[in-house]
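One letter stands for each residue in the lines below.
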Amino acid sequence: MDNVAINENWKDCFSRFAPGLLLFARQWVRSQADAEDIVQDAFVKFWRRNHRIDNRALLYATVRSVALDFIRSDSRRARREMVAFSETEEAVDPQFELGDETQRALAMALDDLPRDQREVLVMKIWNDLTFAEIGTALGISQNTAASRYRYALAGLKKSLQPQ
Amino acid sequence: MNDFAELEDELKKLRPLQPSASLSERLEQALSEPFAEEKIIRPEKFRLNWVSIGFGLAAAAVFLLFARVSMERKQEQGEKTAQVSPVPKNKPALRGVAGSASSNRFIPADATQVVYNKRDEGLHFSGGSEQPLRRLRYQTHQTLRWNNPATGASLRVSYPSEEVLLIPISGQ
């Protein structure tokens, strides 16, 4: 691979980014298997085009683009997944290695966030992207990314408060 | 720092699912396969033939070179033609007027003098002389013309003139 020339091994890079990338891909699909397909396709595209691995905004933008293509090209399956998701919660793969009840509640609250807020939160919390990188990946301004992040946290906080 | 610091810490404690073991194997297999996506098959009409483009450019350059040489030769012939034109035998009369270059020599072509008024002013004694003088006044219009045989240019000068003629009258 050409990226080896910049002292990067794809296995090292992938093992570093894979959990965050999978979580990011899960924002569009409901199963871990579909997310893995998306991440695989995106990572292969990214790596073969010889982009610098530190260009994380582009890496996540590639994942997002592949995920959207995946949804469009497989709309029937996506519809089936949405129907299945609406019918039963058990049909959805978990996104996190859940421990106690608090974490379970937090993960559920995260699922209830609007997608535009959730993807910013995922990129910020579990992928350590800056707001500038998030803005570049999503095609929004840095301030918009920061605003969505704050709205997401506020929404989570509100939903986790005892009634 | 902010109101959400505690919540952010709780979120970071959530660990995303790890990829399956088969994902790395699939990735390795995908990356080892030839890159089919780069094999973009363009329609025939959009395919660039660099050899043809190179020959075309070379032919255009040669054409421009010959066209330039041809124009330069024509200019040289034109200059030679001007230089070998027969030199007028008459000496130029207006070298100072039209310049000193050999191609700008003007030679006199003709001169006309038209008397349009003649007046006899009678006898006069001028200068205290005892002999009378008949004074005739001529008003004329003179035109002088020069030609430049090399360039075909002509120069014409017209001016009015007045001439007074004193004719002694001898006593008989």
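Residues numbered from 1 in each chain as written. Chains lettered and ligands numbered in written order. Predicted model: local features only at pLDDT ≥ 70, side-chain atom pairs only at ≥ 80, totals over all residues.

A few words on the overall build of chain A. Helix and strand content of chain A: eight helices and one strand. Relative to all contacts within chain A whose residues are 6 or more apart in sequence, the contacts with residues 24 or more apart total 65%. (Helix = DSSP H or I, 4+ residues; strand = E, 2+ residues; numbered from the N terminus. Contact = placed C-beta atoms within 7 Å.)

This part is about the interface of chain A and chain B. At the junction of the two partners, chain A supplies 28 residues and chain B supplies 21 residues. At the level of secondary structure, the elements contributing two or more residues to the side of chain A that touches chain B comprise helix H1 (10-25), helix H2 (32-48), strand E1 (96-97), helix H5 (101-111) and helix H8 (142-160) of chain A. The element that contributes the greatest number of residues to the side of chain A that touches chain B is H1 of chain A, accounting for eight residues. Among the residues making up the side of chain A that touches chain B, the classes are represented as 18 nonpolar, five polar and five charged. As paired strands, E1 of chain A and strand E1 (residues 15-16) of chain B are joined by two bridges and run antiparallel to one another. Residue pairing in the sheet places Glu97 of chain A in a bridge with Arg15 of chain B of E1 of chain B. (Nonpolar A, V, L, I, M, F, W, Y, C, P; charged D, E, K, R; others polar. Pairing = 2+ DSSP bridges.)

Residues and elements named next belong to chain A. Residues other than glycine seldom take positive phi values, yet Asp128 does so here, at roughly 60°. Within the secondary structure layout, Asp128 lies in the loop between helix H6 (115-125) and helix H7 (131-138). Judged by the 11 C-beta atoms lying within 10 Å of it, Asp128 is exposed. (Buried ≥ 20, exposed ≤ 12 C-beta atoms within 10 Å, placed from the backbone.)

Residues and elements named next belong to chain B. Residues at a pLDDT of 70 or more form 67% of chain B, whose mean pLDDT is 75. A low-confidence stretch, residues 39-43 (pLDDT under 50), is modelled with one contact involving residues beyond four sequence positions or located in other chains. Taken as a whole, residues 82-89 scores under 50 in pLDDT and shows six contacts with residues more than four places along the chain or in a different chain. (pLDDT = per-residue confidence, 0-100.)

What tends to happen in soluble globular proteins is that the nonpolar side chains get buried as a cluster. Ala25, Ile38, Val39 and Val63 of chain A are the most contacted members of the largest nonpolar core, which has 46 residues in total. Going through the elements one at a time, H1, H2, helix H3 (56-73), H5, H6, H7 and H8 of chain A together with helix H2 (21-32) of chain B are the ones with two or more residues in this core. Not counting residues within four places of it along the chain, the set of residues in contact with Val63 of chain A comprises Leu21, Phe24, Ala25, Ile38, Val39 and Ala42 of chain A. (Core = buried A, V, L, I, M, F, W, Y, C linked by C-beta atoms within 7 Å.)

Another point: the sheet that holds strand E2 (residues 107-124) of chain B. All names here are of chain B. Here we have three strands laid out as an open sheet, ordered E2-E3-E4, and antiparallel in their pairing. Each end of this open sheet is capped by a strand with a single partner; those strands are E2 and strand E4 (153-168). Neighbour to neighbour, the strand axes of the sheet diverge by 15° on average, direction disregarded. Direction of pairing for strand E3 (residues 133-148) relative to E4: antiparallel, over a ladder of 16 bridges. Paired with Arg145 across the two strands is Arg156, which belongs to E4. (Axes fitted to C-alpha atoms, helices over the stretch in contact; angles between N-to-C directions.)

This part is about the pairing of E2 of chain B. Residues and elements named next belong to chain B. Burial within E2 is sparse, with just zero of its 18 residues counted as buried. As paired strands, E2 and E3 are joined by 14 bridges and run antiparallel to one another. The residue of E3 that forms the bridge with Lys118 is Tyr138.

The next subject is the packing of H6 of chain A against H8 of chain A. All names here are of chain A. Running from amino to carboxyl end, H6 crosses H8 at an angle of 100°, the nearest separation of the two axes being 8 Å. As far as their axial angle goes, H8 and H6 are roughly perpendicular. The residues of H8 that touch H6, namely those facing Asp116, Gln117, Arg118, Val120, Leu121 and Lys124, are Ala145, Arg148, Tyr149, Tyr151, Ala152 and Gly155. Of the residues contributing to the contact of H6 with H8, the split by class is six nonpolar, two polar and four charged. (Parallel < 35°, antiparallel > 145°, perpendicular 65-115°, else oblique.)

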